[in-house]
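# Per-entry structural report
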Amino acid sequence: ATPQILSNLPSGLVVEYYLTENDAVLQNNPLPNNYTNTTENEQVIYARIVNGSDCFGITPIKLKIIVFIPANFSDETVYICDGNPKRIAIANGFSSYSWSNGSITSFTSIATAGNYTVTASNTEGCIATKKFIVIASGIATITSVDINDFSGNGNSVLINYTGIGDYEFSLDGVHFQNSPLFTNVQEGDYLVYIKDIYGCGMPTPTRIFVLDYPRFFTPNGDSYNDFWKIKNSAKYPNMLLYIFDRYGKLITQVNPKGNGWDGTYNGRPVPAEDYWFSIILENNKITVPKQNLPEFE
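Values in this document were obtained by computation on a predicted structure and should not be read as measured data. Within every chain, residues take consecutive numbers counted from 1 along the sequence as written. Only residues with pLDDT of 70 or above have their local features reported here, since the model is predicted, and side-chain atom pairs are shown and tallied only from 80 upward, although totals for entire chains, interfaces and linings are computed over all residues. With hydrogens and water set aside, each side-chain value is computed from the structure's full complement of heavy atoms.

## A look at the overall build of the protein chain
Keep this limit in mind: Strands here mean DSSP runs of E at least two residues long; helices mean DSSP runs of H or I at least four residues long; both are numbered from the N terminus. Only the C-alpha atoms count toward the radius of gyration. The rule for a globule is 2.2 Å times the residue count to the power 0.38. Throughout this description, buried means an accessible area under 20% of the type-specific maximum (1.4 Å probe, protein chains only), exposed means over 50%, and partly exposed covers the range between. Contacts: residue pairs with any heavy atoms within 4.5 Å of one another. For every accessible area listed, the method is Shrake-Rupley and the probe measures 1.4 Å; residues are considered covered only by the protein chains on display. Charged residues are defined here as Lys and Arg on the positive side and Asp and Glu on the negative side; His and the ends of the chain fall outside this count. Where a charge lies is defined by one atom per residue type, namely NZ (Lys), CZ (Arg), CG (Asp) and CD (Glu).
Counting secondary structure elements, the protein chain contains two helices and 21 strands. Taking 297 residues into account, the globule formula puts the C-alpha radius of gyration at 19 Å, and the protein chain, at 41 Å, lies well above it. Projected onto the principal axes, the alpha-carbon positions of the protein chain cover approximately 135 × 30 × 30 Å. Residues classed as buried in the protein chain amount to 35% of the 297 residues present. Intrachain contacts of the protein chain at a sequence separation of at least 6 include 48% that bridge at least 24 residues. As displayed, the protein chain has an accessible area near 17500 Å², and 49% of this comes from carbon and sulfur atoms. Across the protein chain, the 19 positively charged side chains and the 28 negatively charged ones have centroids separated by 8 Å.

In structure tokens, the structure reads:
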């Protein structure tokens with residue numbers, strides 16, 4: 001306060017501070033220069049302006065606490081997607097701005113993860129600092145999908161991926177979960193989705209097919225359940241599907257694009273008992289080695 005008091009006054013003056021006007025007159029109990037107010041929010045103390053040994057003046061000094069707590073100045077977490085620059089900002093209207101990256105406006109652009117701070121001041125010289133915690137994220141890449149099918153309620157799908165973000169996973173684009181492993185997956189045609197939870201987006205979905213087989217069929221000519229086939233087998237035009245009896249004798253080869261097996265061998269109905277099948281896909285992988293085909297009715 002001393003420079004403000006002595007502004008436009010002659011040089012050589014000395015300023016002393018006291019709690020009361022009487023103390024200032026009597027020069028009792030002078031306050032230290034580094035003083036903390038004892039009355040909340042606003043307090044009046046007294047300055048004694050001394051000129052020599054016998055000339056002085058006393059003036060009240062108001063110590064006023066200015067509360068400077070700007071709105072929305074709590075720590076904030078933001079995400080940058082795949083290194084794309086992002087603008088972070090605080091409100092306009094402050095007297096000055098000082099960002100940790102050197103910017104002096106109400107906003108700045110960032111492209112790397114880390115902690116950034118901005119200090120703003122008001123017209124009274126009070127300052128407030130806000131911290132931005134910047135985290136890198138990005139769109140995932142689906143590297144492969146492991147499908148465990150032909151297992152009924154044990155069918156599962158595991159999505160393998162790479163990426164620096166936090167992701168959610170879906171087989172329909174509507175219902176998402178935190179785990180890339182899906183269990184109890186029914187046979188069918190699915191689209192695999194990975195969504196960055198911080199809004200960075202999704203890669204192009206990957207189409208998969210979960211296969212399974214009917215546990216029985218009824219080839220009795222009533223036009224209901226008369227054929228046995230692998231659902232979605234037409235999606236694999238080069239699939240080789242073989243039917244065997246319990247002794248390993250080849251009964252027939254089923255066309256994946258056809259209606260399926262009608263329960264005959266050389267045009268004659270086979271007995272109602274257990275049969276087996278084997279599937280070889282386009283990459284010569286034997287997906288189901290002689291799987292039991294339960295007795296049809």
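## A closer look at the pattern of salt bridges
Which entries qualify depends on this criterion: A pair is scored as a salt bridge if a Lys or Arg side-chain nitrogen falls within 4 Å of a carboxyl oxygen belonging to Asp or Glu.
Across all of its chains, the model carries five salt bridges by this definition. The salt bridge partner of Lys-62 is Glu-42, with a shortest N-O separation of 3.7 Å. In this pair, Lys-62 sits in strand S3 (residues 56-64) while Glu-42 sits in strand S2 (residues 42-50), placing the two residues 20 residues apart along the sequence. Judged by relative accessible area, which is 54%, Lys-62 ranks as exposed.

## Digging into the sheet that holds strand S1 (residues 14-18)
Heads up, the rule is: Any two strands with at least two DSSP bridges between them are considered paired. With axes taken as lines fitted to C-alpha atoms, and helix axes fitted only over the stretch in contact, angles between N-to-C directions fall between 0 and 180 degrees.
Read across the open sheet, the three strands follow the order S1-S2-S3; overall the sheet is antiparallel. Strand pairing shows two members of the sheet lacking a second neighbour, S1 and S3, which therefore form its edges. Pairwise comparison of adjacent strand axes, ignoring direction, gives a mean angle of 30° for this sheet. Where S2 and S3 come together, nine bridges link them in antiparallel fashion. Each bridged residue has a counterpart across the sheet, and for Ala-47 the counterpart in S3 is Thr-59.

## Regarding the nonpolar core
The line we're drawing: Buried Ala, Val, Leu, Ile, Met, Phe, Trp, Tyr and Cys residues that are joined via side-chain atoms within 4.5 Å together make up what is termed a nonpolar core.
One finds Trp-228, Ile-230, Ile-243, Trp-261, Phe-277 and Ile-279 to be the most contacted residues of the largest nonpolar core, which totals 19 residues. Mapped onto this core, the elements with two or more residues apiece are strand S16 (240-244), strand S17 (250-254) and strand S20 (275-280). Per element, the largest residue contribution to this core is three residues, and it comes from S20. Ignoring anything within four residues of it in the chain, the contact list for Ile-230 reads Phe-150, Leu-211, Asp-212, Tyr-213, Leu-241, Phe-277 and Ile-279. Core analysis: the next-biggest nonpolar cluster, separate from the first, contains 17 residues, Tyr-116, Val-118, Ala-128 and Phe-132 among them.

## Examining the sheet that holds strand S9 (residues 127-137)
Spatially, four strands are ordered S4-S9-S8-S6 in an open sheet, and the strand pairing comes out mixed. Lying at the two open borders of the sheet, with one neighbouring strand each, are strand S4 (76-81) and strand S6 (96-99). Across the sheet, the mean angle separating the axes of adjacent strands is 25° when strand polarity is ignored. In the sheet, S6 pairs with strand S8 (residues 114-121) via four bridges, with the strands oriented antiparallel. Looking across to S8, one finds that Ser-98 is bridged to Thr-119.

## Points about the pairing of S9
Here six bridges tie S4 to S9, and the two strands are oriented parallel to one another. Across the sheet, Ile-80 pairs through a bridge with Ala-136, a residue of S9. Inspection of the sheet shows S8 paired to S9 by eight bridges, in the antiparallel sense. The residue of S9 that forms the bridge with Ser-121 is Ile-127. If you look at the hairpin formed by S8 and S9, you'll find five residues sitting between the two strands, and Gly-125 has a positive phi there, around 85°.

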